[in-house]
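Structural overview
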Amino acid sequence: MQPLRHHLAAAAILLLAAPAAAAPPKVAPILAEARDSASYARPAEARVTHVALDLAADFAARRLSGTATLDLQASPAAREIVLDSKGLAVRSVRDGAGRPLPFAFGASDPEKGAALTVRLNGARRIRIDYSSAADAEALQWLTPAQTAGKRHPFLFSQGQPTLNRSWIPTQDSPGIRQTWEARITVPEPLGAVMSGERLTPKGERAGPGRRAFRFRMDKPVAPYLIALAVGDLAFQRLGPRTGVYAEPATIRAAAAELVDTEKMVAAAERLYGPYRWGRYDMIVLPPAFPYGGMENPTLTFLTPTFIAGDRSLVGLVAHELSHSWSGNLVTNAVWADSWLNEGVTSYFENRIMEALYGPARASQEAALSWADMEAAFAELGRDAPGTRLHDPSDAEASGIVYDKGATFLRTLERTVGRQRFDAWLRSYFDRHAFEPMTSQRFLADLRATLVRGDRALEERLQLDRWVYAPGLPDNAARPDPAAFARVDAALAAFDAGGGAAAVPYAGWTTAERLRFLNGLPRTLPQPRLAELDRALGLTAGTNAETLFAWLQLALANRYAPAVPAAERFLLSQGRTKFVAPLFKTLLAQGEWGRPIAERLYAKARPGYHSVTTGRVDKLMKP
Ligand code: BES
Ligand code: ZN
């Protein structure tokens, strides 16, 4: 037996090496100064601290039905609580003892939904008996035909930014963190997974032909992070803390693409501190999922379009994993500050890519991000209000929120040095774990703990310009010009009349290929397009990102041989980032493109998510 002293010394060393993560607060703080215009809640008077769901999934009626029991914290004077809701049918609201409580819906707004106000009569726990609407925007109910296996239906939810109020009657604001638990019943043989601890992996009997699955999230999270998926699900372990769910038809390809996930978690921890959520699993959803990924805690949701066969698009996984710090642990209190989630995450993502795959790949991906930022400046106008990081206008250009945001962090890193910057960012996550964050607090933290009164440094950083002013400050950290040197040389040669066969495309990385395709002149004659297509095998491509880049160029030039591939692509996946720009490009081609767009949209629309149809419907209006 070892002396006690020894144990203590070992424990002390452990503590020094990896400071134990602070326990999450039971009731998370609210920032009085951060008013969320996207929510009806008035949390200073009464707020939700815990949500307990007991819901049945009804695939025939396309609704979730059951109860939400809310634990509240309210000032003694509070007579009512205001919740968010969208399209919910509420049958009753009762207090802890089962007594009915009066409730009323306010006027309905197409974005915000309707306030659901409940008279408390002193209650601090209320139970709402309700159903979601068949067209609830957070929920996509897929027919068997829309799945990979074609035999069973599928359901998934997407909460960010303000959609969860269409299936959960709570205060749907990222600054109002809530713990939660859930019991979901589904028809056999389907399984259910959620973004919390999965307590009953195999489910429990719940009456004839149904099974119940239970979940728990004991850390307070922003309510947009409560997520559910139901379907014919297989699971493949990847590492001690990591694994992937997918339909049986997809699980092998998914697991192969994701082999590096456990290493990514370890790299992320080495960079910025402990992963605090227990497991990191992922689910690869059917192709109608409208995003690349969604950082639902303990269970990232992924599009199948990231499966390229060569792991070239796993930056997506590094991105969603990074949100376990920037976004899920420290969370934008209002959506006008979403750069605090997405910009910090895009920077963090790139650091994971560097740690796993080396600086060459990381600097190529950073250079692509810079180009996306430049494209946003070109589109919005260099000094447009929508180019501010803190952007109350809701413009939400990803080239700003993600890429200017990441450039800001890269600029901080280069100015103070990587070591000092990393120590600061790591301590930022520790200091603000499980808290809401605002631009103002972010800058105050930087000044208090990194700048620390150094006037020369303060001047060099231009912090306020970065966060509050449009455009790009002149200290911006530029990408490594060597990152794409050989691609840019090939572009110049092609531009000067060189043949497509001379382009060494086959030997390039996916980032280099994207640089090449996006760097080609936007107007090209048909023979040049045909030559490129033939030499590089573009129309036949299977990498979703490079196929998309090629289709954008081909359709903008009315290159007819690409139309069948565009049709296949638009009918086989529903990711908004791919679908909306392709329809926009077709529509810009007037009498050539509009009929194609209309024909394809008529076929594809029924398979798309409301997020995607919402965008494309607007484009299609004559
Ligand atoms: N959190 C976002 C997805 C999101 C953003 C949903 C805003 C709803 C509103 C997610 O982390 C994300 O950024 N996904 C990107 C992928 C990434 C690699 C840039 C996507 O979906 O393309
Ligand atoms: Zn993100």
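Parameters at a glance
For every chain, the first residue of the written sequence is number 1, and numbering continues from 1 along that sequence. Here every chain gets a letter starting at A, and every ligand a number starting at 1, in the order they are written. At least 70 in pLDDT is required for a residue's local features to be given in this predicted model, at least 80 for side-chain atom pairs to be given and counted, and no such filter applies to totals for whole chains, interfaces and linings, which use all residues. Side-chain numbers here rest on the full set of heavy atoms in the structure, without hydrogens or water. Each helix corresponds to a stretch of at least 4 residues labelled H or I by DSSP, and each strand to a stretch of at least 2 residues labelled E; elements are numbered beginning at the N terminus. The buried label applies to any residue whose accessible area, calculated with a 1.4 Å probe on protein chains only, is under 20% of its type's maximum; exposed applies above 50%, and partly exposed to all values in between. Note on definitions: a residue-residue contact is assigned when non-hydrogen atoms from the two residues lie within 4.5 Å. All accessible areas in this document rest on Shrake-Rupley with a 1.4 Å probe, and a residue is counted as covered only by the protein chains that are shown. Only four residue types enter the charge count: Lys and Arg as positive, Asp and Glu as negative, with His and the chain ends excluded. One atom stands in for each charge, and that atom is NZ of Lys, CZ of Arg, CG of Asp or CD of Glu. Take the residue count of a helix, subtract one, and multiply by 1.5 Å to get its expected span. What the arc covers is the set of directions going from the helix axis to the C-beta atoms. Nonpolar cores were defined as sets of buried Ala, Val, Leu, Ile, Met, Phe, Trp, Tyr and Cys residues, with membership established by side-chain atoms within 4.5 Å. Any two rings among Phe, Tyr and Trp, with Trp reduced to its six-membered ring, count as a pair given centres within 6.5 Å; such a pair is stacked if its planes are under 30 degrees apart, edge-to-face if over 60, and tilted if neither. Should the NZ of a Lys or the CZ of an Arg lie within 6 Å of a ring centre and within 35 degrees of the ring normal, that charge is described as sitting over the ring. Where each domain begins and ends follows an automated or database-derived domain assignment. Whether a residue is near a molecule or strand depends on its heavy atoms: it is near if one of them lies within 4 Å of it. Amino acids are sorted into nonpolar (Ala, Val, Leu, Ile, Met, Phe, Trp, Tyr, Cys and Pro), charged (Asp, Glu, Lys and Arg) and polar (every other residue, Gly among them). Donor atoms (N, O, S) are those found within 2.8 Å of the metal centre, with the cutoff raised to 3.2 Å for Na, K and Ca; water is not part of the atom list, so apparent gaps in a site can occur. For two strands to be treated as a pair, DSSP must find at least two bridges joining them. Fitted lines through C-alpha atoms give the axes, limited to the stretch in contact for helices. The angle between two N-to-C directions lies from 0 to 180 degrees. Counted as salt bridges are all cases of a side-chain nitrogen of Lys or Arg within 4 Å of a carboxyl oxygen of Asp or Glu.

What follows is about the overall build of the chain. Per the secondary structure count, the chain includes 19 helices and 22 strands. Across the 622 residues that make up the chain, the buried fraction comes to 57%. Of all intrachain contacts in the chain linking residues separated by at least 6 positions in sequence, the fraction that spans at least 24 positions is 70%. Total accessible area computed for the chain in this model is approximately 25400 Å², and 55% of it derives from carbon and sulfur atoms. Counting 74 positive and 64 negative side-chain charges, the chain places the averaged centre of each group 4 Å from the other.

In this model, helix H18 (residues 590-604) (15 residues) spans 20 Å end to end at C-alpha, consistent with the 21 Å of a helix rising 1.5 Å per residue. Residues Gly-593, Ile-596, Ala-597, Leu-600, Tyr-601 and Ala-604 constitute the buried set of H18. The arc enclosing the buried residues of H18, seen along the axis, measures out at 125 degrees, which places them on a common side. Across from the buried face of H18, at angles greater than 90 degrees, the exposed residues are Glu-591 and Ala-602. Contact partners of the buried residues in H18: helix H16 (563-572), helix H17 (576-588) and helix H19 (610-620).

Looking now at the nonpolar core. Ranked by internal contacts, the top residues of the largest apolar core, which has 118 residues, are Ile-126, Trp-167, Phe-408, Leu-425, Phe-429 and Phe-442. Within the second largest apolar cluster, 53 residues are counted, among which are Ala-544, Ala-549, Ala-562 and Phe-569.

In the structure shown here, the tally under the stated rule is 32 aromatic pairs. Ring plane angle 90 degrees and centroid distance 6.4 Å describe the contact between Phe-103 and Phe-105, whose orientation is recorded as edge-to-face. Judged by relative accessible area, which is 30%, Phe-103 ranks as partly exposed. Look at Phe-105 and you get partly exposed, because its relative accessible area is 36%. Consider the rings of Trp-550 and Tyr-559, whose centres lie 5.7 Å apart with planes at 70 degrees: the pair is edge-to-face. The residues Trp-550 and Tyr-559 share a single accessibility class, namely buried. When the ring centre of Phe-377 is taken as reference, the NZ or CZ atom of Arg-382 above it lies at 4.6 Å.

Our next topic: the domain arrangement of the chain. Examined at the domain level, the chain breaks down into domain 1 (330-468) and domain 2 (485-620). Each of domain 1 and domain 2 was reduced to a C-alpha centroid, and the two centroids are 30 Å apart.

Okay, the environment of Ala-22 next. Tracing the backbone through its elements, the reader meets Ala-22 in the loop between helix H1 (4-17) and strand S1 (46-58). Distance from Ala-22 to Phe-213, taken between C-alpha atoms, is 30 Å for residues 191 residues apart in sequence. For Ala-22, the contacting residues outside a window of four places in its chain are Arg-276 and Phe-434.

This part is about the site of ligand 1. Contacts to ligand 1 come from 15 residues, most closely from Gln-160, Gly-292, Glu-295, Glu-320 and Tyr-402. If ligand 1 stood free it would expose 520 Å²; the protein chains cover 81% of that surface. Elements supplying a minimum of two residues to the shell around ligand 1: strand S19 (293-294) and helix H4 (315-322). For the shell around ligand 1, the element with the most residues is H4, which contributes three residues. Partitioning the shell around ligand 1 into residue classes produces five nonpolar, six polar and four charged.

The subject of this paragraph is the coordination of the zinc ion (ligand 2). With distances of 1.9 to 2.1 Å, the protein atoms coordinating the zinc ion (ligand 2) are His-319 (NE2), His-323 (NE2) and Glu-342 (OE). Here the donor residues for the zinc ion (ligand 2) map to a single chain with the spacing H-x3-H-x18-E.

Backbone-to-backbone hydrogen bonds pair the strands of a sheet. The strands run either parallel or antiparallel. As summarised here, the arrangement of the three strands in space is S3-S6-S5, forming an open sheet in which the pairing is antiparallel. Two strands in the sheet have a free side with no partner beyond their single neighbour: strand S3 (80-85) and strand S5 (103-105). For this sheet the average axis-to-axis angle between neighbouring strands, irrespective of direction, equals 20 degrees. Here six bridges tie S3 to strand S6 (residues 114-119), and the two strands are oriented antiparallel to one another.

With the rule as written, the count across this model stands at 39 salt bridges. Among the salt bridges present, the one from Arg-125 reaches Asp-71, with a minimum N-O distance of 2.7 Å. One end of the pair, Arg-125, is in strand S7 (residues 125-131); the other, Asp-71, is in strand S2 (residues 63-74), with 54 residues separating them in the sequence. Of the charged contacts in the structure, one is a salt bridge between Asp-281 and Arg-198, with a shortest N-O distance of 2.7 Å.

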